[in-house]
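One-letter residues, chain by chain:
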Amino acid sequence: MNPATDSMNPAVSVVVPTVGRASLRRAVESALRQTRPVAEVMVVAAEGVALDLPSDTRITVVRTAGRVGPGAARQAGIDAAQGTVIALLDDDDEWLPEKLHCQLDAVTGRDWICSSRIAVSGPGERHRVWPRRLIAPRESVARYLFRFSSLRVGGAVLQTSTLCFPIELARKVGWDTDTVHDEPTWLLAVQRAVPELRLIQVPEVLGTYYVGAESVSRSTADRVDDYIAWGLEYLRAESPRIRGDYLCTSPVSAAVAAGSLTGVGRALRAALRYGRPGPFALAYAVLNGVRIMLRR
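Residues numbered from 1 in each chain as written. Predicted model: local features only at pLDDT ≥ 70, side-chain atom pairs only at ≥ 80, totals over all residues. Heavy atoms only, no water.

Undergrad: Give a description of the overall build of the protein that names residues and reports values.
TA: On a plain count of helices and strands, the protein comes out with 10 helices and 9 strands. A compact globule built from 296 residues would reach a C-alpha radius of gyration of about 19 Å, and the protein, at 19 Å, matches this within 12%. With the C-alpha coordinates of the protein rotated into their principal frame, the extents come out at 55 × 40 × 35 Å. The 296 residues of the protein split such that 53% are buried. Of all intrachain contacts in the protein linking residues separated by at least 6 positions in sequence, the fraction that spans at least 24 positions is 74%. Per element, the accessible surface of the protein, about 13400 Å² overall, is 53% carbon and sulfur. Computed over 36 positive and 31 negative side-chain charges, the separation of the two mean positions in the protein equals 9 Å. (Helix = DSSP H or I, 4+ residues; strand = E, 2+ residues; numbered from the N terminus. Rg over C-alpha atoms; globule rule 2.2 N^0.38 Å. Buried < 20%, exposed > 50% of the residue type's maximum accessible area, 1.4 Å probe, protein only. Contact = heavy atoms within 4.5 Å. Areas by Shrake-Rupley, 256 points an atom, 1.4 Å probe, with all protein chains shown as cover. Lys, Arg positive; Asp, Glu negative; His and termini not counted. Charge placed at Lys NZ, Arg CZ, Asp CG, Glu CD.)

This is the structure we're talking about:
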């Protein structure tokens, strides 16, 4: 296949990494039902993983030699893609039919990344919409994602399944390094490598992000130190406030998932040593430490 394209009607390649979950078919079908038709859907999976897929000539399966992380899987799909625009979709999420039409109508030029609001479903019967605040023009990714201005979760989000961008950006800055924060790592790197980058969030809700027991991102392993290390490496050039707020929140969330009170303590010590956290971030850390104690 050699998808035809022009500047007014770009060929979209959808990249769907998967571990073979039952929700894969739902995700792929939502990409195939777009009102702005996609050129191809690249499903990336390890050799031997069974895949339940609809029948459509636009689907291509890209196999990796062994299981790789989501960042490396996305890059494998991007490397094999033939379109000019990449749209990412996780195998447990789904898009509304007008998702791509709405986003592509909102962008112009060549150096852009487009996101949107997304409905969040789960755990259980919980339903909400993220993000509450859209990123401002020319606002840094680090400030938007990690400067804490409320105790509520979901205020600032750039969720993977909302992202689409010209393929040249992913060829200039790859996704092939897997970290505890795949999306922010790549977004930070692109924004630093491409100063003229425009990061656009359309206000419409254009998909559903499912959070449940199967979600790989909801790990109960104690990875607090990995999150702290990420913040010290990738936010070292940011302000002490941003670095401190991050260290009081993301590592603390990992500690809560693992039920680790000592993890909350490690995160707090790192925040006070290497940053200058604001009051909301400090309150978040303290309240979640109390939350773990009450569980016990």
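After that view of the structure, there is still more to cover.
Undergrad: Can you explain the nonpolar core? Please cite residues and give values.
TA: Counting residues in hydrophobic clusters, the biggest one holds 55 residues, and the most contacted among them are Ile113, Phe165 and Trp186. By residue number, the principal contributor to this core is helix H8 (residues 240–258), which donates 8 residues. Apart from residues lying up to four places away in sequence, Trp186 is in contact with Ile113, Phe165, Leu169, Ala170, Val173, Gly174 and Trp175. Membership of the second largest hydrophobic core comes to 27 residues, among which are Ala27, Val28, Trp95 and Cys164. (Core = buried A, V, L, I, M, F, W, Y, C linked by side-chain atoms within 4.5 Å.)

Undergrad: Please set out a nonpolar patch on the surface residue by residue, giving values where relevant.
TA: A surface patch of nonpolar side chains, about 390 Å² in accessible area, is lined by Val286, Val290, Met293 and Leu294. Assignment of secondary structure puts Val286 in helix H10 (residues 279–295). A relative accessible area of 47% places Val286 in the partly exposed class. (Patch = residues over 30% accessible without salt bridge, like charges linked within 9 Å, V, L, I, M, F, W, Y side chains within 5 Å. Salt bridge = Lys/Arg side-chain N within 4 Å of Asp/Glu carboxyl O.)

Undergrad: So what's going on with the side chain of Glu40? Which residues, and what values?
TA: Here Glu40 shows up in strand E2 (residues 40–46). Here Glu40 sits buried without a salt bridge, and the closest side chain of opposite charge, Arg171, lies 7.8 Å off (N-O distance). Side-chain polar atoms of Glu40 contact the backbone nitrogen of Gln82, separated by 2.6 Å. (Polar contact = N/O pair within 3.5 Å; in protein donor to acceptor, adjacent residues only side chain to side chain.)

Undergrad: An account of the pattern of salt bridges is requested, with residue identities and associated values reported.
TA: Per the counting criterion, the structure on display carries 13 salt bridges. A salt bridge links Glu29 to Arg25; the shortest N-O distance between them is 3.4 Å. Note that Glu29 and Arg25 are positioned in helix H1 (residues 24–32) at a spacing of 4 residues, about one turn of the helix. Looking at Glu29, the relative accessible area reads 26%, which means it is partly exposed. Asp222 is paired through a salt bridge with Arg266; the nearest N and O atoms lie 3.4 Å apart. Of the two residues, Asp222 is situated in the loop between strand E9 (198–210) and helix H7 (224–234) and Arg266 in helix H9 (residues 261–274); the sequence distance between them amounts to 44 residues.

Undergrad: A description of the packing of H8 against H9 should follow, citing residues and the corresponding values.
TA: Relative orientation of the contacting elements H8 and H9 amounts to 170°, with a least axis distance of 8 Å. Comparing the axis directions of H8 and H9 gives the class roughly antiparallel. Residues Arg243, Gly244, Leu247, Cys248, Pro251, Val252 and Ala255 of H8 pack against Gly263, Val264, Ala267, Leu268, Ala270, Ala271 and Tyr274 of H9. The residue makeup of the contact of H8 with H9, split by class, is 11 nonpolar, 2 polar and 1 charged. (Axes fitted to C-alpha atoms, helices over the stretch in contact; angles between N-to-C directions. Parallel < 35°, antiparallel > 145°, perpendicular 65-115°, else oblique. Nonpolar A, V, L, I, M, F, W, Y, C, P; charged D, E, K, R; others polar.)

Undergrad: Describe the environment of Thr208, and please don't skip the residues or the numbers.
TA: Mapped onto the secondary structure, Thr208 falls in strand E9. On the accessibility criterion, Thr208 (16% relative accessible area) is buried. Taking the C-alpha atoms as reference, Thr208 lies 5.8 Å from Asp93; in sequence the two are 115 residues apart. Apart from the residues within four sequence positions on either side, Thr208 is in contact with Asp93, Glu94, Ile118, Ala119 and Ser121.

Undergrad: Break down the pairing of strand E6 (residues 112–121) for me, citing the residues and quoting the values.
TA: E6 sits mainly inside the fold: 9 of its 10 residues count as buried. Two elements, E6 and E9, share 9 bridges in a ladder whose sense is parallel. Of the residues in E9, the one forming a bridge with Val120 is Tyr209. By the bridge criterion, 4 bridges tie E6 to strand E7 (residues 127–130) in an arrangement that is antiparallel. Bridging across to E7, Ala119 finds its partner in Val129. Hairpin connection, E6 to E7: the antiparallel pair is bridged by 5 residues, and Gly122 has positive phi, about 105°. (Pairing = 2+ DSSP bridges.)

Read these as geometric descriptors, not functional statements.
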